[in-house]
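The residues making up each chain are set out below.
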Amino acid sequence: QVRIVESGGGLVQFGGSLRLSCAASGSIASFDVMGWYRQAPGKQREFVARIISGGTTNYADSVKGRFTISRDTAENTVYLQMNSLKPEDTAVYYCYVDTGRGNAWGQGSQVTVSS
């Protein structure tokens, strides 16, 4: 079982910045792959970014150059630094851990960007 605790998020103006944090714990083989998805109202959940324990990162095209994912491997914690935020970034952001048998999800963090 995996426990995921997210923090961060909130309301920010266009062009502002926010940082999300995600701490994972539990009895799984590894926390090699962790990342974020997001879901805007009326839309499907979409991939945002992920990081692998060796440091490899992947980003959705819509956030490249603006968002940065990083991790503290010893603490099984990942961070999503979001800069130059736009109203279209407004969504609930979900942290996930690839358990090897599917993804475990955090509770979600609301990010709202006002224009």
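As the structure is a prediction and not an experimental result, all values here were calculated from the model. (Residues numbered from 1 in each chain as written. Predicted model: local features only at pLDDT ≥ 70, side-chain atom pairs only at ≥ 80, totals over all residues. Heavy atoms only, no water.)

1. Details of the state of the cysteines
Point 1. Considering all chains together, one arrives at one disulfide under this definition.
Point 2. The disulfide partner of Cys 22 is Cys 95, and the gap between their sulfur atoms is 1.9 Å. The sign of the S-S torsion, about -75 degrees, decides the handedness of the disulfide formed by Cys 22 and Cys 95: left-handed. In this pair, Cys 22 sits in strand 3 (residues 18-26) while Cys 95 sits in strand 9 (residues 91-98), placing the two residues 73 residues apart along the sequence.
Point 3. Exposure remark for Cys 95: the relative accessible area of 0% places this residue in the buried category. (Disulfide = S-S within 2.5 Å. Helix = DSSP H or I, 4+ residues; strand = E, 2+ residues; numbered from the N terminus. Buried < 20%, exposed > 50% of the residue type's maximum accessible area, 1.4 Å probe, protein only.)

2. Considering the packing of aromatic side chains
Point 1. For the coordinates displayed, the defined rule picks out four aromatic pairs.
Point 2. Arranged with centres 5.3 Å apart and planes meeting at 75 degrees, the rings of Tyr 37 and Tyr 96 form a pair that is edge-to-face. A residue pair is termed long-range when its members are at least 10 positions apart, and Tyr 37 in strand 4 (residues 33-39) and Tyr 96 in strand 9 qualify at 59 residues.
Point 3. Residue classification places Tyr 96 among the buried positions, given a relative accessible area of 5%.
Point 4. Sitting over the ring of Tyr 94, Arg 45 keeps its end group 3.8 Å from the ring centre.
Point 5. The side chain of Arg 45 reaches across the aromatic face of Trp 105, ending 4.6 Å from its centre. (Phe/Tyr/Trp six-rings, centres within 6.5 Å; stacked < 30°, edge-to-face > 60°. Lys NZ or Arg CZ within 6 Å of the ring centre and 35° of its normal.)

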